[in-house]
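So you can see what is in the structure, the chains are spelled out below.
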Amino acid sequence: MVRTILALMKKEFLQVIRDSNMLRMVFLMPIVQLFLLGYVASTDVKLISTAVYDDDRSGLSREYVRSLSAGEYFITDTPEISLLEAERGFRESRYEVALIIPRGFSRKLQESKQVKIGLMVDGTNANSASIALGYANVITRQFNERVTGFSPPITLRQKRLYNPEGESVYFMVPGIVATLLTMITMLLTSMAIVREREIGTLEQLMVTPISTTALILGKTIPFALIGFLEMSVALFLGVTWFRIPFAGSWGLLYALSFLFLFTTLGTGMFISTISTTQQQAMFLTWFFAIFAIMTSGFFAPIANMPRSIQYLTYLNPLRYFMTTVRGIMMKGASLDVLYPQVMAMIIFGITIFTFSWLRFSKRVK
Amino acid sequence: MDKVGYIARKEVRHILRDPRSLMIAILIPILMTLLYGYAINLDTKNIKLAVLDFDRTVDSRELVAKFYNSGYFLEPETTPILSDPERILKSGQAHAVLIMPSGFAKAVTNFSQYELGMLIDGADANVAAATASYSRIVMGRFIEDRLPSGFELPGVRISQQVLYNSDLESSHFFVPGLIAVILMMISALLTSVTIAREKETGTMEQLLTSPVSPRQIIIGKVIPYIALALLDAVLILVFAVLHFGVPFAGSVTLLLFFGLIYIVAALSLGILISTLVATQQVAMMMAQLVTVLPSVMLSGYIFEIKNMPAVLRYVSHIVPARYFIRIIRGIMLKGSDMSVLWGEAAFLVVLTVVLLAIASKRFQLKIG
């Protein structure tokens, strides 16, 4: 039994290694994805190009503009412009924010009165617009405290845990690790089995005295190992190149990833039972994977989705794995907080793997 | 011209005879529109906030109510165990924990010094930044409400006006961009695969020995896909407007005109890929790597180009989706016309012509 499985595994590895295109895709994909996502996937809102229309032209109004552009949030290096130009600049997307300071700005401030300024925001990108408004409000409050000397006695002290630098890449890399493992193990398993069927070698295998168990194990273990290898490559690059901190336990991460693999390998097997050509297998895998990735909280928080889709995400095993990987890597979470995720992964793993196993052995016979 | 028609008719039969592929070409765009339209929502309006209220007074409860009624914060679904605030964040039950030591009510009435604490889960930098600034805004409003009547807090007040997408709906931003991604995917993927199939099954040689020139073959093969892609574009547009309520401020004709140019660019990429590969499978993988990934990642669809490192910013200039996404967002959301879009339009046209020239050159060289 063990020898049969080893022989099958060896054959599977030889096939991957011999197909140079396949080998390249298997190793190029994770690296390309990691670098692209690592560098690009920043949802930070900064460098907001801001048009300034200053009708007051006083020292105080200029100081206000300066304090607004002091951080890296607002860029106000555009020359002062007329209101008409601001409108046009908005439509050409040259500006995202326009600031209008009315005449009398400094006089009212010096008399300790309230003064209203106008802030126009391009709402096209809803997310950055509301965050930009938030920044402007906070900066204005600070400016007020400094200039009027009046500060509210009740204050709010905030502390950011886990990623105080606010680096998007620290958040994205664990997500990429989780999606890569899902994608590659599902794809390789589903396609390898279908390929044997497509070129007719599955029948050959069936007439040999190999049990279904040996066949399934021989067809899944190699891909699990390749999945772990890809995951390790991504983790290694994440830690060495992107210098992401790793707060938790490596052992736990690998152990729980192993647990999660039952789900992806099972799904891969399931896809292989419902497709007849590699192309179909590929499309189906791709479809399953996109659905899983989109509703896992990888790009956008699940809390933002509509209720019905939020309930749907509970059926997505990747959701639990995503929380697990990010929890372990970023927050140093251990089993005492991750047990709901682990329980869900165990249930999904057992259900999906058993179901696919049964379906597969029925199909083969 | 007749010959082109024959090739086109043959291709249409191929498409109609393979209902599975046809379904993929029509159903997947709709499913993806739904999925992306709902799932990519970066609005930070639903921040889960847990509260540890040690003051337990009318005032403290009022502040908590102010947080939850602000539209930004939500109560966590499960009641967190209150003894350990860090554990609440670690387990992901809440994004932030507000800690109110006793003495809040007294401080509010006497205007004496008092400090509230807030622990924020910084893992998602975007959510953390929003949490930090929104909670300060809510605090500020609470204090202003408690000022004696007639007393006006001195200083600058912002009166804000949001243009174009004044409800700040992020689906209005993402769904139009999705058209660019899906058109690229469908056009480039289908063309590269269909040409690779002729190569793989050996029927390309048969076609070439017939009295049809390579140029006629390529035009004939591509025309049905242009129609299919345009159909997809219209479907997604209808879906975007009717289902997601995305406004359509500009001209439909202008949009479809640019859509056509963009489709030609995508098809050229598909032809180019087909000349580089021998099998359908590699064609498919390559199409994903060369067309879909850049269209999603480097086009400004989700991630802003100005935040990218310089190298990738330069690379983004040769991604057709970059220009088309700006055009489509401009036309739909802002009602822009040629007077403001001419820059993007010029780039898109030049890029399309270059891609088309390279693709047909390579096609004639490799296949003709």
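Residues numbered from 1 in each chain as written. Chains lettered and ligands numbered in written order. Predicted model: local features only at pLDDT ≥ 70, side-chain atom pairs only at ≥ 80, totals over all residues.

1. As for the overall build of chain B
The helix and strand tally for chain B stands at 14 helices and five strands. Taking 2.2 N^0.38 as the reference for a compact globule, 368 residues should give roughly 21 Å; the C-alpha atoms of chain B span a radius of gyration of 28 Å, well beyond that estimate. Taken along the three principal axes of its C-alpha coordinates, chain B extends 95 × 45 × 40 Å. The buried share of chain B, reckoned over its 368 residues, is 47%. (Helix = DSSP H or I, 4+ residues; strand = E, 2+ residues; numbered from the N terminus. Rg over C-alpha atoms; globule rule 2.2 N^0.38 Å. Buried ≥ 20, exposed ≤ 12 C-beta atoms within 10 Å, placed from the backbone.)

2. Things to note about the overall build of chain A
If you tally the helices and strands in chain A, you get 14 helices and five strands. For a compact globule of 365 residues, the expected C-alpha radius of gyration is about 21 Å, and chain A comes in at 28 Å, more than 25% above that figure. Taking the principal axes of its C-alpha atoms as reference, chain A extends roughly 95 × 45 × 40 Å. At a minimum sequence separation of 6, the contacts of chain A that also span at least 24 residues come to 79%. (Contact = placed C-beta atoms within 7 Å.)

3. Regarding the nonpolar core
Ranked by internal contacts, the top residues of the largest apolar core, which has 205 residues, are V97(A), A132(A), V177(A), A180(B), L183(B) and F324(B). When residues of this core are assigned to their parent elements, the largest contribution, 19 residues, is made by helix α7 (residues 168–198) of chain A. If we ignore the near neighbours within four places in the chain, the residues touching V177(A) are M231(A), A234(A), L235(A) and V325(A). (Core = buried A, V, L, I, M, F, W, Y, C linked by C-beta atoms within 7 Å.)

4. Some remarks on the pairing of strand β1 (residues 47–53) of chain B
Residue and element names in this part refer to chain B. Extensive coverage of β1 is indicated by the burial of five of its seven residues. Both β1 and strand β2 (residues 73–74) contribute to a ladder of two bridges, which runs parallel. Bridged to I47 within β2 is F73. Between β1 and its parallel partner β2, the chain crosses via helix α3 (residues 58–68), and the hand of that crossover is right-handed. (Pairing = 2+ DSSP bridges. Right-handed = clockwise from strand over helix to strand, strands pointing away.)

5. Looking at the domain arrangement of chain B
In terms of domains, chain B is made up of domain 1 (2–40 + 169–366) and domain 2 (47–145). One C-alpha centre belongs to domain 1 of chain B, the other to domain 2 of chain B; they are set 47 Å apart. (Domains from an automatic or database assignment.)

6. Some thoughts on the packing of helix α1 (residues 2–17) of chain B against helix α9 (residues 214–242) of chain B
Angle between the axes and distance between the axes are the two parameters that describe a pair of packed helices. Residues and elements named next belong to chain B. Their axes nearest at 7 Å, the elements α1 and α9 cross at an angle of 45°. One way to sum up the angle between α1 and α9 is to call them oblique. With respect to the hand of their crossing, α1 and α9 are arranged in right-handed fashion. Seen from α1, the contacting residues are K3, V4, Y6, I7, A8, E11, V12 and I15; seen from α9, they are Q216, I217, I219, G220, K221, I223 and P224. Along the lines of polarity and charge, the residues of the contact of α1 with α9 split into ten nonpolar, two polar and three charged. (Axes fitted to C-alpha atoms, helices over the stretch in contact; angles between N-to-C directions. Parallel < 35°, antiparallel > 145°, perpendicular 65-115°, else oblique. Left-handed = near helix turned anticlockwise from the far one by under 90°. Nonpolar A, V, L, I, M, F, W, Y, C, P; charged D, E, K, R; others polar.)

7. Overview of the packing of helix α6 (residues 126–148) of chain A against helix α6 (residues 125–145) of chain B
Axis separation between α6(A) and α6(B) bottoms out at 9 Å; the angle between their running directions is 50°. Accordingly, the angle class assigned to the pair α6(A) and α6(B) is oblique. Our pair here, α6(A) against α6(B), has a crossing hand that is left-handed. Contact residues: α6(A) offers I131(A), G134(A), Y135(A), N137(A), V138(A) and R141(A), while α6(B) offers A129(B), A130(B), S133(B), Y134(B), R136(B), I137(B) and G140(B). Classifying every residue of the contact of α6(A) with α6(B) gives seven nonpolar, four polar and two charged.

8. Here we look at the pairing of strand β1 (residues 48–54) of chain A
All names here are of chain A. Here β1 pairs with strand β2 (residues 74–75) via two bridges, running parallel. Its bridge partner being in β2, I48 is matched across the sheet by F74. Following the chain from β1 across helix α3 (residues 59–68) to the adjacent parallel β2, one finds a crossover that is right-handed. Of the pairings in the sheet, the one linking β1 to strand β3 (residues 97–101) comprises five bridges and is parallel in character. In the strand pairing of β3, Y53 is matched with I100.

9. Regarding the domain arrangement of chain A
The domain boundaries assigned to chain A delineate domain 1 (2–41 + 166–364) and domain 2 (48–148). Here the C-alpha centre of domain 2 of chain A lies 48 Å away from the C-alpha centre of domain 1 of chain A.

10. Quick notes on the interface of chain A and chain B
Contact residues are listed per partner, giving 88 residues for chain A and 90 residues for chain B. Among the secondary structure elements, those contributing two or more residues to the side of chain A that touches chain B are α2 (20–40), α4 (83–91), β4 (114–122), α6, β5 (154–161), α7, α11 (278–294) and α13 (317–331) of chain A. Counting residues per element, the side of chain A that touches chain B draws most heavily on α6(A), which supplies 17 residues.

11. Observations concerning helix α1 (residues 2–18) of chain A
A rise of 1.5 Å per residue sets the reference length of α1(A), with its 17 residues, at 24 Å; its end C-alpha atoms lie 24 Å apart and thus fit the reference within 8%. Looking at the packing, one finds that the buried side of α1(A) touches α7 and α9 (212–240) of chain A. (Expected span 1.5 Å × (residues − 1).)

12. Some points on the environment of A188(B)
Residue and element names in this part refer to chain B. Structurally, A188 is set in helix α7 (residues 171–201). In this structure the C-alpha to C-alpha distance between A188 and K90, which are 98 residues apart in sequence, comes to 43 Å. The contacts of A188, once residues within four sequence positions are left out, are A266, L269, G270, I273, A287 and T291.

13. Quick look at unusual backbone geometry
All names here are of chain A. Although it is not a glycine, R57 sits at a positive phi angle of roughly 45°. Locating R57 in the fold gives a position in the loop between β1 and α3. The phi dihedral of R243 falls on the positive side, at around 55°, and the residue is not glycine. Along the polypeptide, R243 turns up in the loop between α9 and α10 (250–274).

14. Some remarks on the environment of A125(B)
Residue and element names in this part refer to chain B. Relative to the helices and strands, A125 is located in helix α6. Residue A125 is classed as buried on the basis of its 23 C-beta neighbours within 10 Å. Considering only alpha carbons, one finds A125 and L255, 130 residues apart in sequence, at a separation of 36 Å.

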